[in-house]
Amino acid sequence: MDKDLRQHEHEVLAAAMKAGQAQGLTWTQAAGTPAPGTHQPDALLQAHYAGKTVDYVAEIKTRLRPANLALAARQVRRYGPRGLLVADYVTPPMADELQRQNVPFIDTAGNAYLPTPEFLVWVKGQRPTGAAHTTRTGGRAFTTAGLQVLFTLLCHPDWIDLPYRELAARAGVAHGTIGGVLAELPALGFAITLGKRRRLTHGDVLLRQWVDAYIRTLRPKLVRQRYRAQTLAWATAEDVHAHDLLLGGETAAAQLTGYLRPQTVTLYGRKPDARFLAEHRLLPDPNGNVELLERFWDFPTERAGLAPDVLVYADLMAIGDARTIETADKLHERIVDRFK
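Since the structure is predicted, the reported quantities are computational estimates derived from the model, not experimental observations. (Residues numbered from 1 in each chain as written. Predicted model: local features only at pLDDT ≥ 70, side-chain atom pairs only at ≥ 80, totals over all residues. Heavy atoms only, no water.)

(A) Focus on unusual backbone geometry. Phi is positive for asparagine 102, close to 60 degrees, though the residue is something other than glycine. The residue asparagine 102 is located in the loop between helix H3 (92-100) and strand S5 (105-107) in this model. Even without being a glycine, aspartate 244 presents a positive backbone phi close to 60 degrees. With respect to the helices and strands, the residue aspartate 244 is situated in the loop between helix H8 (237-241) and strand S11 (246-248). According to the relative accessible area criterion, aspartate 244 is exposed, its value standing at 65%. (Helix = DSSP H or I, 4+ residues; strand = E, 2+ residues; numbered from the N terminus. Buried < 20%, exposed > 50% of the residue type's maximum accessible area, 1.4 Å probe, protein only.)

Take a look at the structure:
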(Lines give C-alpha, C1' and ligand atoms only; values in the text may rest on other atoms or scores of the structure.)
Protein backbone atom coordinates (compact mmCIF):
# COMPACT_ATOMS: atom_id res chain seq x y z
CA MET A 1 0.00 0.00 0.00
CA ASP A 2 1.49 3.40 -0.90
CA LYS A 3 2.45 6.01 1.67
CA ASP A 4 -0.19 8.58 0.66
CA LEU A 5 -3.05 6.07 0.95
CA ARG A 6 -1.82 4.86 4.33
CA GLN A 7 -1.67 8.48 5.53
CA HIS A 8 -5.22 9.08 4.32
CA GLU A 9 -6.40 5.98 6.19
CA HIS A 10 -4.78 7.31 9.37
CA GLU A 11 -6.67 10.59 8.86
CA VAL A 12 -9.97 8.77 8.40
CA LEU A 13 -9.35 6.65 11.50
CA ALA A 14 -8.47 9.70 13.62
CA ALA A 15 -11.53 11.62 12.38
CA ALA A 16 -13.86 8.67 13.03
CA MET A 17 -12.51 8.20 16.55
CA LYS A 18 -12.95 11.91 17.28
CA ALA A 19 -16.48 12.01 15.80
CA GLY A 20 -17.70 9.44 18.33
CA GLN A 21 -17.24 11.93 21.16
CA ALA A 22 -20.55 13.57 20.25
CA GLN A 23 -22.29 10.37 21.38
CA GLY A 24 -20.19 10.02 24.53
CA LEU A 25 -18.03 7.40 22.84
CA THR A 26 -14.25 7.55 23.19
CA TRP A 27 -11.60 5.44 21.46
CA THR A 28 -8.04 4.45 22.19
CA GLN A 29 -5.69 2.73 19.78
CA ALA A 30 -3.64 -0.26 20.88
CA ALA A 31 0.05 -0.50 20.05
CA GLY A 32 1.35 -2.84 17.38
CA THR A 33 -0.78 -1.84 14.40
CA PRO A 34 0.04 -4.38 11.65
CA ALA A 35 2.02 -3.33 8.62
CA PRO A 36 0.25 -2.97 5.24
CA GLY A 37 0.35 -5.78 2.73
CA THR A 38 -0.62 -8.50 5.20
CA HIS A 39 -3.83 -10.33 6.08
CA GLN A 40 -3.88 -8.55 9.42
CA PRO A 41 -6.27 -5.72 10.39
CA ASP A 42 -5.54 -2.06 9.87
CA ALA A 43 -5.81 -1.11 13.56
CA LEU A 44 -6.54 -2.49 17.02
CA LEU A 45 -8.97 -0.27 18.96
CA GLN A 46 -10.79 -0.04 22.27
CA ALA A 47 -14.21 1.61 22.53
CA HIS A 48 -15.15 3.22 25.86
CA TYR A 49 -18.82 3.96 26.50
CA ALA A 50 -20.96 4.26 29.64
CA GLY A 51 -18.11 2.98 31.78
CA LYS A 52 -17.62 -0.13 29.63
CA THR A 53 -14.71 -1.06 27.34
CA VAL A 54 -14.84 -3.27 24.26
CA ASP A 55 -11.92 -4.35 22.03
CA TYR A 56 -12.24 -4.08 18.24
CA VAL A 57 -10.24 -5.18 15.22
CA ALA A 58 -10.56 -2.48 12.56
CA GLU A 59 -10.69 -2.56 8.75
CA ILE A 60 -10.42 0.94 7.24
CA LYS A 61 -12.24 1.76 3.96
CA THR A 62 -11.60 5.24 2.58
CA ARG A 63 -14.00 5.10 -0.37
CA LEU A 64 -17.01 3.12 0.79
CA ARG A 65 -19.78 2.94 -1.80
CA PRO A 66 -22.89 0.75 -2.21
CA ALA A 67 -21.06 -1.16 -4.94
CA ASN A 68 -18.22 -2.26 -2.65
CA LEU A 69 -20.19 -2.50 0.60
CA ALA A 70 -20.50 -6.30 0.39
CA LEU A 71 -16.75 -6.68 -0.04
CA ALA A 72 -16.07 -4.40 2.94
CA ALA A 73 -18.55 -6.33 5.10
CA ARG A 74 -16.90 -9.61 4.14
CA GLN A 75 -13.48 -8.30 5.14
CA VAL A 76 -14.78 -7.19 8.54
CA ARG A 77 -16.63 -10.45 9.25
CA ARG A 78 -13.42 -12.48 8.98
CA TYR A 79 -12.37 -10.92 12.31
CA GLY A 80 -15.45 -12.30 14.07
CA PRO A 81 -17.83 -10.39 16.36
CA ARG A 82 -15.16 -7.81 17.24
CA GLY A 83 -14.54 -6.82 13.64
CA LEU A 84 -15.12 -3.10 12.98
CA LEU A 85 -15.54 -1.19 9.73
CA VAL A 86 -14.04 2.32 9.84
CA ALA A 87 -15.19 4.41 6.86
CA ASP A 88 -15.03 7.97 5.65
CA TYR A 89 -18.85 8.11 5.34
CA VAL A 90 -21.67 5.58 5.70
CA THR A 91 -24.92 6.76 4.09
CA PRO A 92 -28.23 5.90 5.80
CA PRO A 93 -29.06 3.09 3.32
CA MET A 94 -25.58 1.60 3.77
CA ALA A 95 -25.93 1.94 7.55
CA ASP A 96 -29.21 0.03 7.42
CA GLU A 97 -27.60 -2.73 5.37
CA LEU A 98 -24.62 -3.02 7.73
CA GLN A 99 -26.98 -3.17 10.69
CA ARG A 100 -29.01 -5.86 8.92
CA GLN A 101 -25.82 -7.87 8.46
CA ASN A 102 -24.75 -7.10 12.05
CA VAL A 103 -21.48 -5.50 10.92
CA PRO A 104 -20.19 -2.90 13.44
CA PHE A 105 -19.01 0.41 11.95
CA ILE A 106 -18.03 3.99 12.66
CA ASP A 107 -17.42 6.88 10.25
CA THR A 108 -16.01 10.41 10.24
CA ALA A 109 -19.48 11.97 10.48
CA GLY A 110 -20.30 10.29 13.79
CA ASN A 111 -22.49 7.53 12.40
CA ALA A 112 -21.97 4.25 14.23
CA TYR A 113 -23.35 0.81 14.91
CA LEU A 114 -21.78 -1.02 17.85
CA PRO A 115 -23.94 -3.90 19.06
CA THR A 116 -22.31 -5.50 22.09
CA PRO A 117 -23.47 -7.17 25.31
CA GLU A 118 -21.88 -4.25 27.16
CA PHE A 119 -23.66 -1.43 25.27
CA LEU A 120 -25.44 -0.50 22.04
CA VAL A 121 -24.56 2.51 19.91
CA TRP A 122 -26.70 3.10 16.79
CA VAL A 123 -26.43 6.45 14.99
CA LYS A 124 -27.19 7.18 11.34
CA GLY A 125 -28.03 10.22 9.20
CA GLN A 126 -25.12 12.42 10.30
CA ARG A 127 -23.60 14.33 7.39
CA PRO A 128 -19.83 14.35 6.73
CA THR A 129 -17.69 17.47 7.08
CA GLY A 130 -13.99 18.17 6.79
CA ALA A 131 -11.09 16.86 4.73
CA ALA A 132 -11.22 13.28 5.93
CA HIS A 133 -14.10 12.60 3.56
CA THR A 134 -12.20 13.62 0.44
CA THR A 135 -11.53 10.92 -2.13
CA ARG A 136 -7.93 10.13 -2.94
CA THR A 137 -7.05 9.58 -6.55
CA GLY A 138 -3.82 9.22 -8.43
CA GLY A 139 -1.37 6.65 -9.66
CA ARG A 140 -1.70 4.41 -12.69
CA ALA A 141 -2.25 0.96 -11.23
CA PHE A 142 -5.85 1.61 -10.19
CA THR A 143 -6.98 3.74 -13.13
CA THR A 144 -9.32 2.16 -15.68
CA ALA A 145 -6.44 0.99 -17.87
CA GLY A 146 -4.38 -0.02 -14.85
CA LEU A 147 -7.21 -2.19 -13.58
CA GLN A 148 -7.22 -4.04 -16.90
CA VAL A 149 -3.51 -4.74 -16.50
CA LEU A 150 -3.94 -5.92 -12.91
CA PHE A 151 -6.82 -8.14 -13.97
CA THR A 152 -4.63 -9.82 -16.56
CA LEU A 153 -1.89 -10.40 -13.97
CA LEU A 154 -4.35 -11.73 -11.40
CA CYS A 155 -5.47 -14.27 -13.99
CA HIS A 156 -1.90 -15.13 -15.02
CA PRO A 157 0.71 -13.92 -12.48
CA ASP A 158 3.58 -15.33 -14.56
CA TRP A 159 2.75 -12.88 -17.35
CA ILE A 160 4.40 -10.09 -15.35
CA ASP A 161 7.62 -10.88 -17.26
CA LEU A 162 6.06 -10.74 -20.73
CA PRO A 163 7.32 -8.06 -23.14
CA TYR A 164 5.34 -4.87 -22.58
CA ARG A 165 3.77 -4.91 -26.02
CA GLU A 166 2.51 -8.48 -25.60
CA LEU A 167 1.12 -7.84 -22.13
CA ALA A 168 -0.59 -4.67 -23.36
CA ALA A 169 -2.28 -6.59 -26.17
CA ARG A 170 -3.61 -9.22 -23.76
CA ALA A 171 -4.84 -6.60 -21.30
CA GLY A 172 -6.45 -4.49 -24.01
CA VAL A 173 -4.53 -1.32 -23.14
CA ALA A 174 -2.04 1.00 -24.82
CA HIS A 175 1.59 -0.13 -24.82
CA GLY A 176 2.64 2.86 -22.72
CA THR A 177 0.34 1.88 -19.85
CA ILE A 178 2.33 -1.22 -18.91
CA GLY A 179 5.54 0.45 -17.81
CA GLY A 180 3.75 2.87 -15.50
CA VAL A 181 1.68 0.16 -13.83
CA LEU A 182 4.58 -2.27 -13.36
CA ALA A 183 6.76 0.51 -11.98
CA GLU A 184 4.19 1.21 -9.24
CA LEU A 185 3.66 -2.36 -8.10
CA PRO A 186 6.85 -2.70 -5.97
CA ALA A 187 6.06 0.54 -4.12
CA LEU A 188 2.52 -0.72 -3.50
CA GLY A 189 3.92 -3.94 -2.10
CA PHE A 190 2.62 -6.18 -4.89
CA ALA A 191 5.81 -7.09 -6.78
CA ILE A 192 9.40 -8.03 -6.05
CA THR A 193 12.39 -8.81 -8.26
CA LEU A 194 14.23 -12.09 -7.75
CA GLY A 195 17.35 -12.21 -9.86
CA LYS A 196 16.24 -11.09 -13.31
CA ARG A 197 12.58 -12.04 -12.87
CA ARG A 198 9.65 -10.17 -11.36
CA ARG A 199 7.10 -11.84 -9.15
CA LEU A 200 3.69 -10.70 -7.90
CA THR A 201 3.23 -10.82 -4.13
CA HIS A 202 0.39 -10.50 -1.61
CA GLY A 203 -2.12 -11.84 -4.09
CA ASP A 204 -4.94 -11.85 -1.54
CA VAL A 205 -4.52 -8.14 -0.82
CA LEU A 206 -4.12 -7.29 -4.50
CA LEU A 207 -7.28 -9.23 -5.38
CA ARG A 208 -9.22 -7.44 -2.65
CA GLN A 209 -8.08 -3.98 -3.72
CA TRP A 210 -8.64 -4.79 -7.39
CA VAL A 211 -12.21 -6.00 -6.82
CA ASP A 212 -12.98 -2.91 -4.77
CA ALA A 213 -11.74 -0.55 -7.51
CA TYR A 214 -13.18 -2.66 -10.35
CA ILE A 215 -16.69 -2.56 -8.89
CA ARG A 216 -16.52 1.19 -8.32
CA THR A 217 -14.83 2.41 -11.49
CA LEU A 218 -14.40 -0.06 -14.34
CA ARG A 219 -17.44 -2.34 -14.19
CA PRO A 220 -20.06 0.43 -14.57
CA LYS A 221 -18.34 1.55 -17.79
CA LEU A 222 -18.59 -1.95 -19.28
CA VAL A 223 -22.37 -2.38 -19.02
CA ARG A 224 -23.92 -2.20 -22.51
CA GLN A 225 -27.48 -3.47 -22.11
CA ARG A 226 -29.86 -5.21 -19.76
CA TYR A 227 -32.60 -7.65 -20.71
CA ARG A 228 -35.46 -9.45 -19.03
CA ALA A 229 -35.68 -13.23 -19.41
CA GLN A 230 -38.56 -15.41 -18.21
CA THR A 231 -36.22 -18.32 -17.57
CA LEU A 232 -32.45 -18.65 -17.12
CA ALA A 233 -32.16 -22.35 -17.92
CA TRP A 234 -30.66 -21.58 -21.35
CA ALA A 235 -27.62 -19.81 -19.84
CA THR A 236 -24.92 -22.45 -20.20
CA ALA A 237 -21.32 -22.07 -21.29
CA GLU A 238 -21.97 -24.16 -24.39
CA ASP A 239 -24.95 -22.06 -25.46
CA VAL A 240 -23.32 -18.65 -25.14
CA HIS A 241 -19.96 -19.83 -26.52
CA ALA A 242 -21.71 -20.71 -29.78
CA HIS A 243 -22.65 -17.02 -30.03
CA ASP A 244 -19.16 -15.69 -29.19
CA LEU A 245 -20.22 -14.71 -25.67
CA LEU A 246 -18.89 -15.61 -22.23
CA LEU A 247 -20.76 -16.26 -19.00
CA GLY A 248 -19.81 -14.37 -15.86
CA GLY A 249 -21.53 -13.77 -12.56
CA GLU A 250 -23.89 -16.24 -10.96
CA THR A 251 -24.33 -18.58 -13.92
CA ALA A 252 -20.57 -18.98 -14.40
CA ALA A 253 -20.09 -19.45 -10.65
CA ALA A 254 -22.76 -22.15 -10.60
CA GLN A 255 -20.92 -24.08 -13.30
CA LEU A 256 -17.53 -23.59 -11.62
CA THR A 257 -18.64 -24.56 -8.11
CA GLY A 258 -21.90 -26.49 -8.52
CA TYR A 259 -23.10 -24.54 -5.50
CA LEU A 260 -25.27 -21.59 -6.55
CA ARG A 261 -28.77 -21.40 -7.98
CA PRO A 262 -28.52 -18.35 -10.30
CA GLN A 263 -31.04 -15.54 -10.21
CA THR A 264 -29.24 -13.38 -12.80
CA VAL A 265 -27.18 -13.88 -15.97
CA THR A 266 -24.03 -11.90 -16.80
CA LEU A 267 -22.73 -12.00 -20.37
CA TYR A 268 -19.46 -10.62 -21.74
CA GLY A 269 -19.03 -9.81 -25.42
CA ARG A 270 -20.69 -7.99 -28.28
CA LYS A 271 -24.42 -7.40 -28.55
CA PRO A 272 -26.13 -10.71 -29.40
CA ASP A 273 -27.82 -11.03 -32.78
CA ALA A 274 -31.60 -10.98 -33.21
CA ARG A 275 -31.78 -14.78 -33.41
CA PHE A 276 -30.15 -15.19 -29.99
CA LEU A 277 -32.45 -12.61 -28.43
CA ALA A 278 -35.54 -14.18 -29.97
CA GLU A 279 -34.53 -17.74 -29.11
CA HIS A 280 -34.15 -16.90 -25.42
CA ARG A 281 -36.95 -14.32 -25.36
CA LEU A 282 -34.71 -11.51 -24.13
CA LEU A 283 -36.47 -8.15 -24.01
CA PRO A 284 -34.67 -4.86 -23.24
CA ASP A 285 -35.28 -3.85 -19.62
CA PRO A 286 -33.06 -1.44 -17.59
CA ASN A 287 -33.81 -3.49 -14.48
CA GLY A 288 -33.68 -6.89 -16.17
CA ASN A 289 -32.09 -10.06 -14.83
CA VAL A 290 -29.68 -10.43 -17.80
CA GLU A 291 -26.81 -7.97 -18.23
CA LEU A 292 -24.43 -7.59 -21.16
CA LEU A 293 -20.95 -6.20 -20.53
CA GLU A 294 -18.11 -5.39 -22.89
CA ARG A 295 -15.22 -7.86 -23.01
CA PHE A 296 -12.08 -5.81 -22.35
CA TRP A 297 -9.32 -8.47 -22.34
CA ASP A 298 -7.79 -10.41 -25.23
CA PHE A 299 -6.57 -13.80 -24.06
CA PRO A 300 -8.16 -17.26 -24.01
CA THR A 301 -10.32 -18.13 -21.03
CA GLU A 302 -9.62 -21.20 -18.93
CA ARG A 303 -12.92 -22.82 -19.92
CA ALA A 304 -14.81 -22.27 -23.15
CA GLY A 305 -17.82 -20.06 -22.66
CA LEU A 306 -16.84 -18.89 -19.16
CA ALA A 307 -15.24 -15.58 -18.15
CA PRO A 308 -12.04 -15.81 -16.06
CA ASP A 309 -12.67 -16.77 -12.43
CA VAL A 310 -11.27 -13.44 -11.20
CA LEU A 311 -14.05 -11.66 -13.07
CA VAL A 312 -16.68 -14.15 -11.89
CA TYR A 313 -15.52 -13.53 -8.33
CA ALA A 314 -15.83 -9.75 -8.79
CA ASP A 315 -19.31 -10.12 -10.33
CA LEU A 316 -20.45 -12.09 -7.29
CA MET A 317 -19.07 -9.48 -4.91
CA ALA A 318 -20.79 -6.73 -6.92
CA ILE A 319 -24.15 -8.46 -6.39
CA GLY A 320 -23.23 -8.69 -2.74
CA ASP A 321 -25.95 -10.78 -1.15
CA ALA A 322 -25.35 -13.70 1.20
CA ARG A 323 -25.72 -16.30 -1.59
CA THR A 324 -23.16 -14.76 -3.89
CA ILE A 325 -20.65 -13.88 -1.18
CA GLU A 326 -20.68 -17.45 0.09
CA THR A 327 -20.08 -18.72 -3.43
CA ALA A 328 -17.35 -16.11 -4.01
CA ASP A 329 -15.54 -17.52 -0.98
CA LYS A 330 -15.37 -20.87 -2.79
CA LEU A 331 -13.59 -19.21 -5.73
CA HIS A 332 -11.28 -17.14 -3.55
CA GLU A 333 -8.74 -19.80 -2.65
CA ARG A 334 -8.27 -21.09 -6.19
CA ILE A 335 -7.44 -17.53 -7.28
CA VAL A 336 -4.94 -16.66 -4.54
CA ASP A 337 -3.31 -20.10 -4.81
CA ARG A 338 -1.70 -18.86 -8.05
CA PHE A 339 0.58 -16.65 -5.97
CA LYS A 340 1.99 -19.42 -3.77
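(B) Inspection of empty space enclosed by the protein at higher detail. Under the counting rule described, the total for this entry stands at 1 cavity of 30 Å³ or more. If you add up the space inside the largest cavity, you get close to 60 Å³. As for the largest cavity, its lining consists of Leu256, Glu302, Arg303, Leu306, Ala307, Pro308, Asp309 and Arg334. Here the lining of the largest cavity is built from residues that sort into 4 nonpolar, no polar and 4 charged. (1 Å grid on protein atoms, 1.4 Å probe; cavity = no way out; pocket = protein on both sides within 12 Å on 5 of 7 lines; lining within 4 Å. Points joined across faces, edges and corners; volume = space filled by probe spheres on them. Nonpolar A, V, L, I, M, F, W, Y, C, P; charged D, E, K, R; others polar.)

(C) Main features of the sheet that holds strand S14 (residues 290-293). The strand order across the open sheet built from 5 strands is S11-S12-S14-S10-S13, with neighbouring strands paired in mixed fashion. The two strands at the open ends of the sheet, each matched to only one other strand, are S11 and strand S13 (283-284). As defined by bridge partners, strand S12 (residues 265-268) adjoins S14 across 4 bridges and the pair is classed as parallel. Across the sheet, residue valine 265 finds its bridge partner in S14, namely valine 290. Where helix H9 (residues 249-257) meets the sheet, it contacts S11 and S12, and its direction lies at approximately 90 degrees from that of S11. (Pairing = 2+ DSSP bridges. Contact = heavy atoms within 4.5 Å. Axes fitted to C-alpha atoms, helices over the stretch in contact; angles between N-to-C directions.)

(D) Representation of the nonpolar core in the model. Membership of the largest hydrophobic core comes to 77 residues, with the highest contact counts inside it found for Trp210 and Tyr214. Among the elements that line this core, the one with the most residues is helix H7 (residues 203-222), at 10 residues. With residues up to four places along the chain from it excluded, the contact list for tyrosine 214 reads Leu147, Arg219, Pro220, Leu222, Tyr268, Leu293, Phe296, Leu311, Ala314 and Asp315. Of all hydrophobic cores here, the second largest spans 21 residues; its members include Leu25, Ala43, Leu45 and Phe119. (Core = buried A, V, L, I, M, F, W, Y, C linked by side-chain atoms within 4.5 Å.)

(E) Spatial organisation of the packing of helix H4 (residues 144-155) against H7. Two elements in contact, H4 and H7, have axes whose closest approach is 10 Å; the angle formed by their N-to-C orientations is 135 degrees. On the basis of their axis angle, the class for H4 and H7 is oblique. Read as a crossing pair, H4 and H7 show a hand that is left-handed. On H7, the residues that touch Thr144, Leu147, Gln148, Leu150, Phe151 and Leu154 of H4 are Gly203, Leu206, Leu207, Trp210, Ala213, Tyr214, Thr217, Leu218 and Lys221. (Parallel < 35°, antiparallel > 145°, perpendicular 65-115°, else oblique. Left-handed = near helix turned anticlockwise from the far one by under 90°.)

(F) Fine view of the sheet that holds strand S3 (residues 52-61). Spatially, the 7 strands line up as an open sheet ordered S1-S2-S3-S4-S5-S6-S7, and their pairing is mixed. Here the strands that pair on one side only, and so sit at the sheet edges, are strand S1 (26-29) and strand S7 (120-123). Going from strand to strand, the sheet's axes swing by 30 degrees on average, the running direction of each strand aside. Relative to S3, strand S2 (residues 43-49) runs antiparallel, the two sharing 7 bridges. Bridged to tyrosine 49 within S3 is lysine 52. Taken strand by strand, H3 contacts strand S4 (83-87), S5, strand S6 (112-115) and S7, and its axis lies near 155 degrees from that of S7.

(G) Structural context of helix H2 (residues 69-77). Along H2, 8 of the 9 residues are buried, which leaves the element largely enclosed by surrounding structure. Inspection of H2 places Leu69, Ala70, Leu71, Ala72, Ala73, Arg74, Gln75 and Val76 among the buried residues, and these make up the whole buried set.

(H) Spatial organisation of the pattern of salt bridges. Per the stated rule, a full pass over the model turns up 22 salt bridges. The partner of arginine 170 in a salt bridge is glutamate 166, and the shortest N-O contact between them spans 2.3 Å. Here arginine 170 pairs with glutamate 166, and both are found in helix H5 (residues 164-171), just 4 residues apart, close to one helical turn. Three or more residues are tied together by salt bridges with common partners; here these are Arg219, Arg226, Glu291 and Asp315. (Salt bridge = Lys/Arg side-chain N within 4 Å of Asp/Glu carboxyl O.)

(I) Region of the structure containing the confidence of the model for the protein chain. Overall, the prediction assigns the protein chain a mean pLDDT of 89, with 93% of residues at 70 or greater. For the protein chain, the element scoring lowest by mean pLDDT is helix H1 (residues 3-19), at 81; S12 scores highest, at 98. The model gives residues 33-38 a pLDDT under 50, and that stretch makes 11 contacts with residues more than four places away or in other chains. Across residues 131-138 the pLDDT falls below 50, and counting only partners more than four positions away or on other chains, this stretch makes 18 contacts in the model. (pLDDT = per-residue confidence, 0-100.)

(J) Structural view of the packing of H4 against helix H6 (residues 175-188). Where H4 meets H6, the axes come as close as 10 Å, and the angle between the chain directions of the two elements is 70 degrees. By the angle between their directions, the pair H4 and H6 is classed as roughly perpendicular. When you trace H4 past H6, the crossing you get is right-handed. Facing Ala145, Gly146, Val149, Leu150 and Leu153 of H4, the residues of H6 in contact are Thr177, Ile178, Val181, Leu182 and Leu185.

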